[in-house]
Amino acid sequence: IIAIAGKYRTGKSLLMNLLCGATENNFEVSASVNACTRGIWFYSEPITIKKDEEIIDIYIMDSEGLGGVDKNQNHDIQIFTLAMLLSSFFIFNSYGVIDENSLSTLSLVTSLANKIQNMEDEEDAVHLINHFPTFLWVLRDFVLDLKDDEGNDISPDQYLEYVLEETYADHPRAEEHNAIRAALKRFFPERYCATLIRPSDDERDLHKLKSDPDLLKPDFVNQINDLRNFILNQ
């Protein structure tokens, strides 16, 4: 099962439709400010692949966006946790660069970490962590050059590892932010990052992508195809 989570109205459903090989008829997509997905949606038609002589059925799962104005954090924790524990490949979807705000969205992982640490049976806790999914952070509408402090080109995976390094102790929220980073590294030893450009440069076309996939930029389509191949090969 491939599942996705992230803040509401960030294009999660469109991305999952594209990973299914379509832009409509799977998960509802809308250009309004109102969230389309409620709870967790499961697309019943699998993507069937053959790997090492084994036939594998891969199912796609979409989840309600986090941070909705009509929901509280407990609701978000339940949706996020269920989606993560049901999946074998977990996608976290966000816009732009990885900053403290986007990391704070993943404070839900810290909440889960606290629950696991409080489990009475330590073996059960370790067993649960060993079954956490592969993690992929997808950065949408990403337009910046990926470079290290010395100006050298780096990969999206290297960028993710860089931002997961502990913040300086004199940061006003260093302890909180470092706890999120530590939880991500502990729970997701197999983790990746991918960037996607804006699907269309015309604001008017963005509202029509559901009904007219030809409006997608060719470079964006190529990135989606590469991302789909990468995920399925995992």
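Attention here is on the structure that accompanies the text. (Residues numbered from 1 in each chain as written. Predicted model: local features only at pLDDT ≥ 70, side-chain atom pairs only at ≥ 80, totals over all residues. Heavy atoms only, no water.)

Quick look at the overall build of the protein now. A count of helices and strands for the protein gives 9 helices and 6 strands. In the protein, which comprises 234 residues, the proportion classed as buried is 44%. Surface accessibility of the protein: about 12900 Å² in total, with carbon and sulfur atoms responsible for 47%. (Helix = DSSP H or I, 4+ residues; strand = E, 2+ residues; numbered from the N terminus. Buried < 20%, exposed > 50% of the residue type's maximum accessible area, 1.4 Å probe, protein only. Areas by Shrake-Rupley, 256 points an atom, 1.4 Å probe, with all protein chains shown as cover.)

A separate point is a negative patch on the surface. Taken together, the side chains of D121, E122, E123 and D124 define an acidic patch exposed on the protein surface. Relative to the helices and strands, E122 resides in helix 5 (residues 122-130). By relative accessible area, which is 63% here, E122 ends up exposed. (Patch = residues over 30% accessible without salt bridge, like charges linked within 9 Å, V, L, I, M, F, W, Y side chains within 5 Å. Salt bridge = Lys/Arg side-chain N within 4 Å of Asp/Glu carboxyl O. Lys, Arg positive; Asp, Glu negative; His and termini not counted. Charge placed at Lys NZ, Arg CZ, Asp CG, Glu CD.)

A contiguous nonpolar patch, built from V97, V143 and L144 and spanning about 280 Å² of accessible area, is present on the exposed surface. Take V97: it is sitting in the loop between strand 4 (89-95) and helix 3 (100-105). The exposure class assigned to V97 is partly exposed, which follows from its relative accessible area of 32%.

Burial runs high along strand 4: 6 of the 7 residues are buried. Direction of pairing for strand 1 (residues 2-6) relative to strand 4: parallel, over a ladder of 5 bridges. The residue bridging A3 from the neighbouring strand is F90, located in strand 4. With 7 bridges connecting them, strand 4 and strand 5 (residues 134-140) associate as parallel partners. Bridging across to strand 5, I91 finds its partner in L136. (Pairing = 2+ DSSP bridges.)

Taking strand neighbours across the sheet as the criterion, the 6 strands line up as 2-3-1-4-5-6 in an open arrangement whose pairing is mixed. Pairing within the sheet leaves two strands with one partner each, and these edge strands are strand 2 (40-51) and strand 6 (191-195). Taking each pair of neighbouring strands and ignoring which way they run, the sheet shows an average axis angle of 25°. Pairing of strand 5 with strand 6 involves 5 bridges; the strand directions are parallel. The residue of strand 6 that forms the bridge with L139 is T195. The strands that helix 6 (residues 156-163) touches are strand 5 and strand 6; relative to strand 6, the one it contacts most, it runs at about 115°. (Axes fitted to C-alpha atoms, helices over the stretch in contact; angles between N-to-C directions. Contact = heavy atoms within 4.5 Å.)

Below, the discussion takes up the environment of L227. For L227, the position within the fold is in helix 9 (residues 218-233). Not counting residues within four places of it along the chain, the set of residues in contact with L227 comprises L15, L136, V138, A194 and L196.

In this section: the nonpolar core. If you look at the biggest cluster of nonpolar residues, it comprises 37 residues, and the most contacted ones within it are F80, L106, W137 and L184. Per-element accounting of this core gives the leading share, 5 residues, to helix 4 (residues 107-117). Among all residues touching F80, those that are not within four sequence positions of it are A5, L66, F90, L106, L108 and V109. Listed in part, the 25 residues of the second largest apolar core include L14, L15, V138 and I231. (Core = buried A, V, L, I, M, F, W, Y, C linked by side-chain atoms within 4.5 Å.)

Phi angles above zero are rare outside glycine, and D52 is one such case at about 55°. Tracing the backbone through its elements, the reader meets D52 in the loop between strand 2 and strand 3 (54-63). In this structure, E53 takes a positive phi of about 65° despite not being glycine. By secondary structure assignment, the location of E53 is in the loop between strand 2 and strand 3.

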